[in-house]
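The residues making up each chain are set out below.
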Amino acid sequence: MGWKAFDGAAQGQDLAWDADVAIIGSGAGGAVAAEALSAAGLDVLILEEGGFYSSSDFRMLEAKAYPELYQESAGRQTADKAISILQGRSVGGGTTVNWTSSFRTPPDTLRWWQERYGLASLTPEAMRPWFEKAEARLGIAPWDGQPNGNNLVLERGCQALGLRHARIRRNVRGCWNLGYCGMGCPTNAKQSMLVTCIPQALEHGARLLSRARVDRLQANQSSSRIVQVHGSLLAADGVLATGRRFVVRARHVVLAAGAIGSPAILLRSGLADSSGQTGKRTFLHPVALCAAQMPELIQPFNGAPQTVYSDHFMHTQSLDGPLGFKLEVPPIHPLLASVTFPGWGARQAQLLRQLPHLHATLALLRDGFHPDSQGGEVRLRGDGSPLLDYPLNDVIWDGVYRSWLAMAELQFAAGASLVMPLHERAEPVSSWRQAREQIAGLPLQALQAKLVSAHVMGGMAMSDDPSRGVVDEYGRHWLWRNLTIIDGSIFPTSIGANPQLSIYAFAWRAADALIRQLGREG
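What you are looking at is a predicted structure, and each value in this text was computed from that prediction instead of being measured. (Residues numbered from 1 in each chain as written. Predicted model: local features only at pLDDT ≥ 70, side-chain atom pairs only at ≥ 80, totals over all residues. Heavy atoms only, no water.)

**What about the nonpolar core?**
Formed by 160 residues in total, the largest nonpolar core has its most connected members in Trp-113 and Leu-217. It is helix H10 (residues 394-413) that contributes the most residues to this core, 11 residues altogether. The residues contacting Trp-113, other than those within four sequence positions of it, are Thr-105, Gly-118, Leu-119, Leu-122, Met-462, Phe-491, Pro-492, Thr-493, Ser-494, Ile-495 and Phe-506. (Core = buried A, V, L, I, M, F, W, Y, C linked by side-chain atoms within 4.5 Å. Buried < 20%, exposed > 50% of the residue type's maximum accessible area, 1.4 Å probe, protein only. Helix = DSSP H or I, 4+ residues; strand = E, 2+ residues; numbered from the N terminus. Contact = heavy atoms within 4.5 Å.)

Here it is in structure tokens:
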């Protein structure tokens, strides 16, 4: 029997389907839930806004990949346009386009959640089996290959300055070391949801409807249950609606549309929670960057994107400032570099001509652990599409400033000939002293400092009590009895590390609880 995969763009009529479980979103949370629930014999329907692409569609071309695989063609931004946000939008979600970096939820993050949000059972020991399950299923292990030139700069700088650092585990099998993970893996080496949990769910009989945008959930107030899922089928461009609609009736609804998409669906539906927290305390890991020109050939577009990291500056509210930050490197490809690197015209062209010798370090700020780090809020535009308002306050700017200093010193220690923080008023400088002086004078302002993010978390936070959270520790909504949230929106703060493995582990844990719940309900 073939897979029951349907393209919304190809449907000539409205659809009305029934299912045991409707899963909205096919990324790290939704796909894990789909595999587990379908394996348990439940009738599962996966609804995905993006298209269904495979390795033969991945040509390592930015101009093709971004419109097909990313939200808003990789042009999503916060409300003030100060932070660019890279989010996946295809079958497999962010797992199809991420850079494969895999970290367990740090123990100090779990402790914070225990102490501040009453999530007493979320100990490292209790979570270990779920991390191990995800790691075994998805090939998460140390990567034996040599770091590429971009990562070696970070490693060399850390060694020179005596900074703690380590190698990054990756979810790959038989990696070809191409370096274009962010455009979809053309060899199926990346163990994304596209090649693991989704195919397995389809083998178990799950149905998949792609290019299907969920507009709202219809609830029965008296029973506190979601009774229908309503949505629009999208054209082949994945943007325009075809005019065809779909409606799904399900015993249970799993919302896994991501930390911007999931709150937006509930907001569009007018389905509040008693704490008033839906869409609030949404975190980004705001990322500041610093570029360097190296005397040796770097080719930052070739090789595994992220294989080295440093948590040396991650300790919060101490000498490392109110937030703390994690150091990694991004791959540098021409299109995204052109919209991220400062300047334009001849000035930027001169910089990008040095691309084979360019290196960049990124600092991933750990937001949500300081009283003044409240994250952002998801709200709706006039047309119902989501928008993240993420104010940049003093604690964020403190982290940006400290991270520029740390990255510049590290890059010079690694042998850089020129260093430049990514800021519109920055210029390449040739010494650590010049870098310190320049950074001290850079205005800490939105649209001047170049900030990005690829990690969106929170907005539907877990808690032990409905007065201070949206869901319980298994993602079960406090108000709507047959609604479970299984994605990064349930995290009460940012993770402080690349979140995909955390989402996988929490998703398997939540799916296991949901299987038992549905079994009891009959």
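Next comes the rest of the write-up.
**Some words on the packing of aromatic side chains**
Each aromatic ring pair is characterised by the separation of its centres together with the angle its planes make. Counted according to the given criterion, the structure contains 8 aromatic pairs. Pairing Phe-103 with Tyr-309 gives two aromatic rings, centres 4.8 Å apart and planes at 85 degrees, and the pair type is edge-to-face. Within this pair, whereas Phe-103 is found in the loop between strand E5 (101-102) and helix H3 (107-117), its partner Tyr-309 is found in strand E15 (residues 308-309), the two being separated by 206 residues in sequence. Across the pair, Tyr-309 and Phe-103 agree in class, each one buried. Through pairs of rings, three or more aromatic residues link up here, namely Trp-113, Phe-491 and Phe-506. (Phe/Tyr/Trp six-rings, centres within 6.5 Å; stacked < 30°, edge-to-face > 60°.)

**Side note on the sheet that holds strand E8 (residues 169-171)**
Read from one edge to the other, the open sheet built from 3 strands follows the order E5-E8-E6, with strand pairing classed as antiparallel. A strand with exactly one partner marks an edge of an open sheet, and here the two such strands are E5 and strand E6 (140-142). Pairing geometry for E5 and E8, over 2 bridges, is antiparallel. In the sheet register, Ser-101 faces E8, and the bridge partner there is Arg-170. (Pairing = 2+ DSSP bridges.)

**Quick word on the UniProt feature "domain: Glucose-methanol-choline oxidoreductase N-terminal" (unreviewed entry) in the chain**
As recorded in UniProt, the sites labelled "domain: Glucose-methanol-choline oxidoreductase N-terminal" (unreviewed entry) are residues 68-287. Taken end to end, residues 68-287 is 27% helix and 25% strand, and its first and last C-alpha atoms sit 24 Å apart. (UniProt positions renumbered as here; feature names shortened; annotations may be inferred.)

**Looking at the packing of helix H5 (residues 149-161) against H10**
For the pair H5 and H10, the least separation of the axes is 8 Å and the interaxial angle reads 90 degrees. As the angle between them shows, H5 and H10 are arranged roughly perpendicular. The residues of H10 that touch H5, namely those facing Val-153, Leu-154, Gly-157, Cys-158, Ala-160 and Leu-161, are Glu-409, Leu-410 and Ala-413. A per-class count over the contact of H5 with H10 returns 7 nonpolar, 1 polar and 1 charged. (Axes fitted to C-alpha atoms, helices over the stretch in contact; angles between N-to-C directions. Parallel < 35°, antiparallel > 145°, perpendicular 65-115°, else oblique. Nonpolar A, V, L, I, M, F, W, Y, C, P; charged D, E, K, R; others polar.)

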